[in-house]
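Here is what each chain is made of, one letter per residue.
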Amino acid sequence: MSAQNVRDAVIIGGNRIPFARAHSAYATAGNQDMLTSTLNGLVARFGLQGQQLGTVAAGAVMKHSKNFNLTRESVLGTPLDPKTPAFDVQMACATGMEAIGSLANKIKLGQIDSAIGGGVDSISDAPIVVTDELRGILMEANRAKTLSQRLKALSKIRPAHLAPQAPGVNEPRTGLSMGEHMAITAHAWGITRAEQDELALASHKNLAAAYDRGFFDDLVTPFKGLNRDNNMRADSTLERLGKLSPAFGRDLGEEATMTAANSTALTDGASAVLLGSEEWADAHDLPKLANFIDYEEGAVDFVDGAEGLLMAPAYAAARMLKRNNLRFEDFEYLEIHEAFASTVLAQIKAWESEEFCKNKLGLDSALGTIDRSRLNVNGSSLAAGHPFAATGGRIVASLAKELHGKPGKLGFISVCAAGGQGITAIIEGR
Amino acid sequence: MPKDLYTDFANTGFGRTLTKNLGLPQPARLRRHRPGQPLARGPVVVLGTTEASAALAERMLGWGLDVRRHIGPKEKVAAVVACFDSVSTPAQLSEVVLELGSLLKQLMPSGRVITVFRDPTGTHDPAVRAARSAVQGLTRSTAHEMRAGGTANGIVLADSLDASAPGAAGALRFLLSGRSAFVSGQFISVDTVNGALPQDWDRPLRDQVAVVTGAARGIGASIARVLRRDGASVILVDIPAAGEQLAAVANEVSGTALQLDITTQDAGERILAHATQHYGRLDIVVHNAGITRDKLLANMDDARWNSVIAVNIESQLRMNRAFLASELFNSDAHGGSGMGPRIVSLASTSGIAGNRGQTNYAASKAGVMGMVAATSAQMASRHGTINAVAPGFIETEMTAKIPFATREVARRLNSLNQGGLPVDVAETISFLASPQAGGTSGLTLRVCGQNLVGA
């Protein structure tokens with residue numbers, strides 16, 4: 001699959017901690033704790049103690065300014081050789097995918113032989129910011145040269161200034177939450193409540209079944225007493241999901257379809273994926289699950305409503321598939337990140353739509369049909385949860401494991417992100 | 001780990017006087033193995049003029065020990081090796097026994113008495129067998145009489161085995177050393193000339209690959225650490241739910257963590273696949289994982305009974321079938337090592353003596369001993385060995401939950417007047433897994449400080 005003169009970037013394996021609903025099991029754990037623990041589990045799984053890796057890239061969407069060197073500091077907390085460099089990445093919910101994709105490229109080009117890519121996010125330990133007024137006063141006091149100047153500055157503080165500002169998850173340019181944006185898109189594509197609930201139910205069932213058959217035994221390491229994703233509801237039913245009231249798009253009245261169950265919960269968690277060249281993997285007696293073939297970033301103009309906020313992967317996929325001369329029928333498995341059930345369904349409808357593919361993607365015909373039995377076969381974000389930057393690593397490691405032992409079979413990944421962005425990727429089993 | 005405050009107190013100056021005057025137990029600080037430390041801290045006296053006495057004395061001289069045939073009445077003695085391998089009637093024991101007795105008061109703290117004799121079951125002659133069996137009795141009683149952390153154990157040589165066999169030297173060195181600190185009143189049988197002596201006695205497991213189940217905590221974690229210290233690469237297995245601790249231990253010993261429920265049907269195959277992928281070989285299997293679900297038999301339910309049987313014995317039987325069917329678990333195939341594969345299983349003194357409320361646990365652990373005895377022949381065909389270790393009262397998180405008074409009694413109920421440490425069990429396992437233990441197979445060796453239970 002890969003272009004000539006570049007070597008394969010091999011996915012060796014992954015590790016993540018179980019994902020936890022915000023303010024639950026990891027309420028007292030910060031990003032650095034979670035990322036360090038995840039890396040420690042990865043090091044233990046593959047015996048990487050004392051090894052100097054090419055580089056480690058990870059990131060967090062919700063990040064304290066004190067964690068400016070989050071990934072490097074986390075690496076220093078592991079048994080990896082401290083001479084292993086690290087850097088932080090951030091591309092909203094696509095952070096993990098961007099970290100892994102860019103590292104795969106470095107390996108393909110021969111710049112590095114090994115790497116870890118991943119991400120972490122904590123809603124429970126999100127940075128709380130002081131008001132701009134208070135910050136202004138504090139900075140003024142900091143610049144003051146005399147005590148009286150300092151006191152004068154500080155005397156301007158009023159009780160109202162002390163109210164903390166919680167980090168916003170609304171789109172800065174529209175003021176709408178991601179859910180409200182998605183509700184508009186879902187309505188435009190005519191996505192029904194029933195198909196969203198079915199997708200959500202399948203996510204929980206598939207994830208629970210994967211746990212039960214031990215699929216995650218070598219993908220997940222427990223953390224703080226949590227063994228499985230605590231958002232997972234293995235006993236959920238369509239009846240129960242059907243009783244929930246809409247959470248987004250309420251102004252649509254009867255036509256509102258998005259509930260708390262078919263939308264992803266806010267979650268804490270971390271993930272990491274070990275990558276290497278073929279030679280490096282062989283030299284260290286490590287498994288070769290799959291090759292990272294290609295990835296593509298995309299963005300859409302959502303601000304004036306020309307396209308839905310979370311539809312960027314539709315465009316990225318079109319370019320990526322064309323470059324690789326592939327259609328959706330060519331993929332053994334598809335992993336479409338379930339930001340919302342309707343996100344997955346809208347992307348699928350777009351790719352299957354002759355009209356959309358011709359008019360918006362500039363293609364001759366639709367990109368193919370998507371076999372639902374190959375979609376998110378081990379569950380996805382609706383069940384597992386979605387610690388923003390950690391989702392990419394979860395998907396890449398799980399899909400690579402599913403494709404292992406099926407040489408040449410292809411897997412497709414789509415992850416949407418805030419700001420009208422997204423990433424798609426292709427991996428190939430070996 | 002619970003703190004043994006009594007032992008701490010009894011080892012202070014005042015505590016020593018007080019416990020002595022009141023006739024209370026006097027637990028000593030046991031001398032435990034540290035790499036690089038001398039094998040013995042003083043002279044080793046060899047008693048008896050037999051074939052074994054000559055072979056073992058020569059061996060010990062080769063190790064640089066201060067070996068004596070006779071010693072002055074004032075001199076301190078680190079160990080006495082009493083050889084009875086030529087006795088053919090009980091009347092012949094007296095000379096060596098009385099000489100041994102006269103030396104006991106000269107023994108240093110954590111001193112050693114090691115008897116050497118021929119296997120009683122190797123003869124049909126009533127007088128010979130009586131004499132050999134008598135050595136067992138006198139060894140056990142001597143162990144009860146030892147003071148200040150001293151132990152007494154025996155080496156049982158097969159009837160026609162040359163005493164210069166590596167297995168005899170390996171057992172002797174183990175019993176002399178701090179590795180056997182909590183082993184007393186026990187016998188190590190050496191049946192064959194198999195095995196090899198290591199080039200470096202501090203790293204006997206060099207280049208070996210070992211798997212330890214239940215390695216996330218307690219005795220299992222200690223086994224992983226000791227096997228690593230002794231040179232092995234370690235695969236650490238535990239249930240997925242114990243993964244966080246497992247990863248921490250794996251990183252500590254530079255091993256690889258394998259999250260796996262050993263009751264899974266293909267657990268053995270998955271361990272083999274992991275070993276193949278990461279190491280290309282598998283030499284040592286330590287079946288340590290086990291659970292307790294105590295209940296009086298009258299109140300026993302099927303969940304408690306079945307889970308203990310499934311984890312503690314059925315899983316081992318199933319995994320062993322997989323290992324024995326595999327070409328990988330045949331370390332002679334790697335050439336040069338001079339040792340075949342090793343299996344060491346965790347039994348328990350409960351499996352020997354039984355324990356109220358532990359019909360399920362005792363059944364499973366007695367089962368382990370039976371399995372080990374029966375698997376010995378299969379291991380022999382690949383020059384390997386299988387043995388069991390039966391711990392007595394060991395200071396772990398599990399025994400820390402025993403009520404204080406019960407725990408205090410359990411601790412003092414052995415010849416060393418204290419509980420053992422996880423490392424004591426681990427040292428014995430590492431010994432049985434080593435090339436120098438190649439002559440010993442099918443044995444259940446107790447690490448219990450000569451606990452009165454199940455003696």
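Analysis parameters
Residues numbered from 1 in each chain as written. Chains lettered and ligands numbered in written order. Predicted model: local features only at pLDDT ≥ 70, side-chain atom pairs only at ≥ 80, totals over all residues. Heavy atoms only, no water. Helix = DSSP H or I, 4+ residues; strand = E, 2+ residues; numbered from the N terminus. Buried < 20%, exposed > 50% of the residue type's maximum accessible area, 1.4 Å probe, protein only. Contact = heavy atoms within 4.5 Å. Areas by Shrake-Rupley, 256 points an atom, 1.4 Å probe, with all protein chains shown as cover. Rg over C-alpha atoms; globule rule 2.2 N^0.38 Å. Patch = residues over 30% accessible without salt bridge, like charges linked within 9 Å, V, L, I, M, F, W, Y side chains within 5 Å. Salt bridge = Lys/Arg side-chain N within 4 Å of Asp/Glu carboxyl O. Axes fitted to C-alpha atoms, helices over the stretch in contact; angles between N-to-C directions. Parallel < 35°, antiparallel > 145°, perpendicular 65-115°, else oblique. Left-handed = near helix turned anticlockwise from the far one by under 90°. Nonpolar A, V, L, I, M, F, W, Y, C, P; charged D, E, K, R; others polar. Pairing = 2+ DSSP bridges. Buried area = accessible area lost by both parts, 1.4 Å probe. Polar contact = N/O pair within 3.5 Å; in protein donor to acceptor, adjacent residues only side chain to side chain. UniProt positions renumbered as here; feature names shortened; annotations may be inferred. Arc of directions from axis to C-beta.

Draft legend 1. Representation of the overall build of chain A within the structure. Check the secondary structure of chain A and you find 14 helices and 12 strands. Within chain A, the fraction of its 430 residues that count as buried is 59%. For chain A, long-range pairs separated by at least 24 residues make up 79% of all intrachain contacts whose partners lie at least 6 apart in sequence. Looking at chain A as shown, the accessible area adds up to about 17000 Å², and 51% of this sits on carbon and sulfur atoms.

Draft legend 2. Just the overall build of chain B, in detail. Scanning chain B for helices and strands turns up 14 helices and 13 strands. Relative to the globule expectation of 23 Å for 455 residues, the C-alpha radius of gyration of chain B, 22 Å, shows essentially globular dimensions. The C-alpha extent of chain B, read off along each of the three principal axes, is 60 × 50 × 45 Å. With 455 residues in all, chain B has 59% of them scored as buried. Contacts in chain B between residues at least 24 apart in sequence constitute 74% of all its contacts with a sequence separation of at least 6. Accessible surface computed for chain B: about 17600 Å², of which carbon and sulfur atoms make up 54%.

Draft legend 3. Highlighting a nonpolar patch on the surface. A cluster of nonpolar side chains, Phe-9, Phe-14, Leu-18, Leu-22 and Leu-24 of chain B, forms an exposed patch at the surface whose accessible area comes to about 470 Å². The residue Phe-14 of chain B is located in helix α2 (residues 13-21) in this model.

Draft legend 4. Structural view of the packing of helix α1 (residues 31-46) of chain A against helix α8 (residues 243-252) of chain B. α8 of chain B packs onto α1 of chain A with a crossing angle of 60 degrees between their chain directions and a minimal axis gap of 9 Å. With respect to their mutual orientation, α1 of chain A and α8 of chain B come out oblique. Two packed elements cross with a definite hand, and for α1 of chain A against α8 of chain B that hand is left-handed. Between α1 of chain A and α8 of chain B, the residues in contact are Ser-37, Asn-40, Gly-41, Val-43 and Ala-44 of chain A and Glu-244, Ala-247, Ala-250 and Asn-251 of chain B, respectively. Counted by class, the contact of α1 of chain A with α8 of chain B contains four nonpolar, four polar and one charged residues.

Draft legend 5. Structural context of the sheet that holds strand β4 (residues 107-118) of chain B. Residues and elements named next belong to chain B. Strand order in this open sheet of six strands is β2-β1-β3-β4-β5-β6, and the pairing throughout is parallel. Strand pairing shows two members of the sheet lacking a second neighbour, β2 (67-68) and β6 (187-190), which therefore form its edges. Its contacts with the sheet place helix α5 (residues 126-145) against β4, β5 (151-157) and β6, and it is angled at close to 170 degrees to β4.

Draft legend 6. Seen up close, the pairing of strand β11 (residues 410-417) of chain A. Residue and element names in this part refer to chain A. Counting buried positions over the eight residues of β11 gives eight, a clear majority of the element. Neither face of β11 is open: one carries Leu-410, Phe-412, Ser-414 and Cys-416, the other Gly-411, Ile-413, Val-415 and Ala-417, and all of them are buried. Pairing between strand β10 (residues 331-336) and β11: five bridges, direction parallel. When the bridges of β11 are listed, Ile-336 appears paired with Ser-414. Pairing analysis gives eight bridges linking β11 to strand β12 (residues 421-429), with the strands arranged antiparallel. For Phe-412, the partnering residue across the bridge sits in β12 and is Ile-426. What sits between the antiparallel neighbours β11 and β12 is a turn of three residues, in which Gly-419 has the positive phi angle 80 degrees.

Draft legend 7. Layout of the pattern of salt bridges. Taken as a whole and judged by the stated rule, the model has 38 salt bridges over all chains. A salt bridge links Asp-88 of chain A to Lys-63 of chain A, with the shortest nitrogen-to-oxygen separation between them at 2.6 Å. A residue pair is termed long-range when its members are at least 10 positions apart, and Asp-88 of chain A in strand β4 (residues 86-88) and Lys-63 of chain A in the loop between β3 (55-58) and α2 (70-76) qualify at 25 residues. Accessibility expressed as a relative area gives 23% for Asp-88 of chain A, which makes it partly exposed. Exposure remark for Lys-63 of chain A: the relative accessible area of 26% places this residue in the partly exposed category. The partner of Glu-395 of chain B in a salt bridge is Arg-411 of chain B, with the nearest N and O atoms 2.6 Å apart. Separated by 16 residues along the polypeptide, Glu-395 of chain B in the loop between β12 (385-391) and α13 (404-412) and Arg-411 of chain B in helix α13 bring together distant segments of the chain. Overall, Glu-395 of chain B belongs to the buried group, its relative accessible area being 3%. For Arg-411 of chain B, a relative accessible area of 2% gives the class buried. Shared partners join several salt bridges into a network, and the residues in it are Asp-294, Glu-296, Arg-319 and Arg-323 of chain A.

Draft legend 8. The interface of chain B and chain A, seen in detail. Every contact between the two is made by 16 residues of chain B and, on the other side, 22 residues of chain A. Together, the buried faces of chain B and chain A total about 1400 Å²; carbon and sulfur atoms form 45% of this surface. Run the count over chain B and chain A and you get one salt bridge. With a shortest N-O distance of 3.2 Å, Asp-217 of chain A and Arg-270 of chain B are connected by a salt bridge. On the surface where chain B and chain A come into contact, there are 12 residue pairs in polar contact (both at pLDDT 80 or more). Among the elements of the structure, α8, β9 (256-259) and α9 (267-278) of chain B are those that each provide at least two residues to the side of chain B that touches chain A. Counting residues per element, the side of chain B that touches chain A draws most heavily on α8 of chain B, at five residues.

Draft legend 9. Structural detail: the environment of Phe-356 of chain A. Residue and element names in this part refer to chain A. Assignment of secondary structure puts Phe-356 in helix α12 (residues 354-359). Each C-alpha atom, one on Phe-356 and one on Thr-257, is 23 Å from the other, the two residues being 99 residues apart in sequence. Apart from the residues within four sequence positions on either side, Phe-356 is in contact with Trp-189, Glu-307, Ala-314, Tyr-315, Ala-350 and Leu-361.

Draft legend 10. Fine view of unusual backbone geometry. All names here are of chain A. Although it is not a glycine, Lys-224 adopts a positive phi angle of roughly 50 degrees. Checked against the element boundaries, Lys-224 lands in the loop between α7 (193-212) and α8 (238-242). In this structure, Asn-376 takes a positive phi of about 45 degrees despite not being glycine. Within the secondary structure, Asn-376 sits in the loop between α12 and α13 (381-384). The buried category is assigned to Asn-376, whose relative accessible area is 3%.

Draft legend 11. Structural view of the side chain of Gln-49 of chain A. With respect to the helices, strands and loops of the structure, Gln-49 of chain A is situated in the loop between α1 and β3. The class of Gln-49 of chain A is buried, set by a relative accessible area of 14%. At a separation of 3.3 Å, a polar atom in the side chain of Gln-49 of chain A contacts the main-chain carbonyl oxygen of Ala-250 of chain B. Once residues within four sequence positions are removed from consideration, Gln-49 of chain A is found in contact with Val-43, Ala-44 and Pro-79 of chain A together with Ala-250, Asn-251, Ser-254 and Gly-255 of chain B.

Draft legend 12. Broad picture of the UniProt feature "domain: Thiolase C-terminal" (unreviewed entry) in chain A. Within this structure's numbering, the places UniProt gives as "domain: Thiolase C-terminal" (unreviewed entry) are residues 289-428 of chain A. Structurally, residues 289-428 of chain A is divided into 34% helix and 23% strand, and its ends, taken at the C-alpha atoms, are 9 Å apart.

Draft legend 13. Region of the structure containing the side chain of Ser-222 of chain B. Here Ser-222 of chain B shows up in helix α7 (residues 218-229). A residue is classified by how much of its surface remains accessible, and Ser-222 of chain B, at 8% relative accessible area, is buried.

Draft legend 14. Focus on α13 of chain B. All names here are of chain B. Taken residue by residue, α13 has Arg-407, Glu-408, Arg-411 and Arg-412 as its buried positions. Along the long axis of α13, the arc covered by the buried residues comes to 125 degrees, so they all point the same way. The secondary structure elements touched by the buried residues of α13 are α1 (5-10).

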